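# Coordinate analysis (summary)
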Amino acid sequence: MSETGTQTTKKNPTQYISDQLSELRAKGVAPKLRVLEGEQKPVAIFDGREVINLASNNYLGLTTHKALRKAALDAVKRYGAGAGAVRTIAGTMKIHLELEEQIARFKNVEACVVFQSGFTANAGTVSAVLGKEDLIISDELNHASIIDGARLSKATIKVFKHKDAADCERILQEHAEFPGKKLIITDGVFSMDGDIAPLPELCDLAEKYHCIMMVDDAHSSGVLGRGGRGTVDHLNCHGRVHIQVGTLSKAIGAMGGYVAGSRDLIDFLYLRARPFLFSTSHPPATVAACQAAFSLLDSPEGERLVKKLWANTKMFKRELKKRGFQFKVSETPIIPIHVGDAAKAFEFSKKLFDAGVFAPAVGYPVVAEGKARLRAMVSATHKREQLLRAADILAEVAQPLGIV
Ligand SMILES: *Cc1c(COP(=O)(O)O)cnc(C)c1O
């Protein structure tokens, strides 16, 4: 075009994006995506290099389990590659309902709805159940999908100090006359430090102040409780939590999220949860893989895998402590190594990678500014030698950086 010359001299409306990006890169806080070649395994090839993988949420090794692969392949053969519609139009396949019934039985609740992800399960549910006249009381370290769901609901949002039931009660007392509905919401396991919510105390408050109680068990599904039934089972809060969210994307090894609760809650979400209404349902392969995962969790093999996960976690933490690392708050296979400065955390992670261990650094906006850390995750499928070697490498790399 003849006007090209004048157009290039005009100010580019997206120039600020390039400027901000350059700034982040100059600060050393814009890590590149690591690219996995092949399978998500305890030792895997990222960016062409074989590394001990402490980065995935594949707690039980189910992403590559033969029962899940087979189920997925069979489903593709029988039903094809996609669902073809949203659930409320023509995209509810029989296997979607079978999976929901299976999860409801597993969680020992009346009913369950499966969403495309844990993120949409949280965001879609909070915004469907609460409205602008309501109050959401939320732990300060709750997952982004809870925060986004709370914002979408337009409810009043009050944040209590992390895991602090007394602070939660202070907010409830201050809102004693609040006319709308109230929701107390917490992660079951907090994803950045691996600590567990004070669920029994929060349930006490929910009962005392007539609140809806909701827990997001993304990092506890398949990890905590009998056969990985979650924090409600682990902390014996059966019947006290109205809305339990879980993910199918972490320990379950496939993709998706779910809400477990009363039949009426689920039937209501079928009508009002926006991701359910406006986004296409899972492809058959994903549904079938999840079905296979829950069958496995419900079997002796599943229980064995969960036990192995915890044995590996204890062993790895012990070995890291021997080498001078501290991670006081972690109670789960999520092991945070606090660094503080984001650029330093990213440097730590990069040097570790070069030495053969993949453990990602997380900085702002995933955690607060100045609270950057390395996050190492253990799985049931790591071998003892791999974890010992990883602990040695972590110590070797951390020492010159003054982290340990
Ligand atoms: C990972 C995670 C989610 C999102 O789950 P996806 O299935 O990956 O979308 C939600 N909540 C918490 C606490 C998480 O850690």
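Residues numbered from 1 in each chain as written. Predicted model: local features only at pLDDT ≥ 70, side-chain atom pairs only at ≥ 80, totals over all residues. Heavy atoms only, no water.

### Structural notes on the pairing of strand β6 (residues 156–160)
Looking at chain direction, strand β5 (residues 135–139) and β6 are connected through five bridges and run parallel. Within the sheet, the bridge partner assigned to Ile136 lies in β6 and is Ile157. Between β5 and its parallel partner β6, the chain crosses via helix α6 (residues 144–153), and the hand of that crossover is right-handed. (Pairing = 2+ DSSP bridges. Helix = DSSP H or I, 4+ residues; strand = E, 2+ residues; numbered from the N terminus. Right-handed = clockwise from strand over helix to strand, strands pointing away.)

### What about the environment of Arg105?
Tracing the backbone through its elements, the reader meets Arg105 in helix α4 (residues 94–107). In this structure the C-alpha to C-alpha distance between Arg105 and Ala260, which are 155 residues apart in sequence, comes to 9.8 Å.

### Considerations on the side chain of Gln244
Here Gln244 shows up in strand β9 (residues 243–247). Once residues lying within four places of it in the same chain are set aside, the contact partners of Gln244 are Lys107, Val109, Val215, Asp217, Val232, Tyr258, Val259 and Ala260. (Contact = heavy atoms within 4.5 Å.)

### Here we look at the domain arrangement of the protein
Taken domain by domain, the protein consists of domain 1 (29–59 + 300–398) and domain 2 (65–297). Placing the centre of domain 1 and that of domain 2 at their C-alpha centroids yields a distance of 26 Å. At the junction of the two partners, domain 1 supplies 25 residues and domain 2 supplies 21 residues. Taking both partners together, domain 1 and domain 2 bury about 1,800 Å²; carbon and sulfur atoms supply 58% of that area. A per-residue breakdown of the area domain 1 buries against domain 2 is headed by Tyr59, Val306 and Glu331, which together make up 25% of the total. Viewed at the interface, domain 2 and domain 1 are joined by three salt bridges. Here Glu331 and Lys163 are joined by a salt bridge, their closest N and O atoms 3.4 Å apart. Viewed at the interface, domain 2 and domain 1 are joined by 14 residue pairs in polar contact (both at pLDDT 80 or more). For the side of domain 1 that touches domain 2, the secondary-structure elements that each account for two or more residues are α13 (300–322), β11 (334–340) and β14 (372–377). In terms of residue count, α13 provides more of the side of domain 1 that touches domain 2 than any other element does, seven residues in total. Looking at the side of domain 1 that touches domain 2 residue by residue, the classes come out as 13 nonpolar, six polar and six charged. (Domains from an automatic or database assignment. Buried area = accessible area lost by both parts, 1.4 Å probe. Salt bridge = Lys/Arg side-chain N within 4 Å of Asp/Glu carboxyl O. Polar contact = N/O pair within 3.5 Å; in protein donor to acceptor, adjacent residues only side chain to side chain. Nonpolar A, V, L, I, M, F, W, Y, C, P; charged D, E, K, R; others polar.)

### Quick word on the packing of aromatic side chains
A full pass over the atoms with the stated rule returns six aromatic pairs. Between Tyr258 and Phe294, the aromatic rings sit 6.3 Å apart at their centres with planes inclined by 75°, giving edge-to-face as the arrangement. One end of the pair, Tyr258, is in strand β10 (residues 257–261); the other, Phe294, is in helix α12 (residues 284–297), with 36 residues separating them in the sequence. For Phe294, a relative accessible area of 2% translates into the label buried. (Phe/Tyr/Trp six-rings, centres within 6.5 Å; stacked < 30°, edge-to-face > 60°. Buried < 20%, exposed > 50% of the residue type's maximum accessible area, 1.4 Å probe, protein only.)

### Some remarks on the packing of α4 against α12
Direction vectors running N to C along α4 and α12 enclose 25°, while the axes themselves pass 10 Å from each other. One way to sum up the angle between α4 and α12 is to call them roughly parallel. In terms of crossing hand, the pair formed by α4 and α12 is left-handed. The residues of α12 that touch α4, namely those facing Ile95, His96, Glu98, Leu99, Gln102, Ile103 and Phe106, are Pro284, Val287, Cys290, Gln291, Phe294, Ser295 and Leu297. Residues that form the contact of α4 with α12 fall into these classes: nine nonpolar, four polar and one charged. (Axes fitted to C-alpha atoms, helices over the stretch in contact; angles between N-to-C directions. Parallel < 35°, antiparallel > 145°, perpendicular 65-115°, else oblique. Left-handed = near helix turned anticlockwise from the far one by under 90°.)

### Here's the deal with the pattern of salt bridges
Enumeration over the complete set of coordinates arrives at 24 salt bridges. With a closest N to O distance of 3.9 Å, Glu98 and Lys94 form a salt bridge. Taken together, the positions of Glu98 and Lys94, both in helix α4 and four residues apart, correspond to about one turn of that helix. Judged by its relative accessible area of 65%, Lys94 falls in the exposed class. Here Arg229 makes a salt bridge to Asp298, at a shortest N to O gap of 2.8 Å. Of this pair, Arg229 sits in the loop between β8 (212–216) and α9 (231–234) while Asp298 sits in the loop between α12 and α13, and the two are 69 residues apart along the sequence. Note on Arg229: relative accessible area 12%, which makes it buried. Sharing partners across several salt bridges, the network here consists of Glu319, Lys322, Arg323 and Asp392.

### Section: the side chain of Asn53
Note that Asn53 resides in strand β3 (residues 49–53). Engagement of the side chain of Asn53 in a polar contact is seen with the backbone nitrogen of Ala55, the distance being 3.0 Å. Setting aside chain neighbours within four positions, we find Asn53 in contact with Gln40, Lys41, Pro42, Val43, Ala44, Phe46, Phe358, Met377 and His382.

### Observations regarding the sheet that holds strand β13 (residues 361–362)
The strand order across the open sheet formed by three strands is β11-β14-β13, and the pairing between neighbours is antiparallel. Only two strands of the sheet have a single partner each, and these edge strands are β11 and β13. Across two bridges, the pairing between β13 and β14 is antiparallel. When the bridges of β14 are listed, Ala361 appears paired with Leu374.

### Focus on the site of the ligand
Taken together, the neighbourhood of the ligand is formed by 15 residues, with Gly118, Asp216, Thr247, Ser249 and Lys250 sitting nearest. Here an oxygen atom of the ligand sits 2.9 Å away from a polar atom, N or O, in the main chain of Phe119. Taken by itself the ligand offers 380 Å² of open surface, and the protein chains cover 87% of this. Taken together, the residues of the shell around the ligand sort by class into two nonpolar, 10 polar and three charged. (Near = heavy atom within 4 Å. Areas by Shrake-Rupley, 256 points an atom, 1.4 Å probe, with all protein chains shown as cover.)

### Section: unusual backbone geometry
Put simply, Tyr364 and Pro365 share a cis peptide bond, and its omega is 5°. Among the secondary structure elements, Pro365 is positioned in the loop between β13 and β14. Within the chain, Asp47 stands out as a residue other than glycine whose phi angle is a positive 50°. Secondary-structure assignment places Asp47 in the loop between β2 (43–46) and β3. Unusually for a residue other than glycine, Asn236 sits at a positive phi of about 55°. As for its placement among the helices and strands, Asn236 is situated in the loop between α9 and β9. Residue Asn236 is classed as exposed on the basis of its relative accessible area of 60%.

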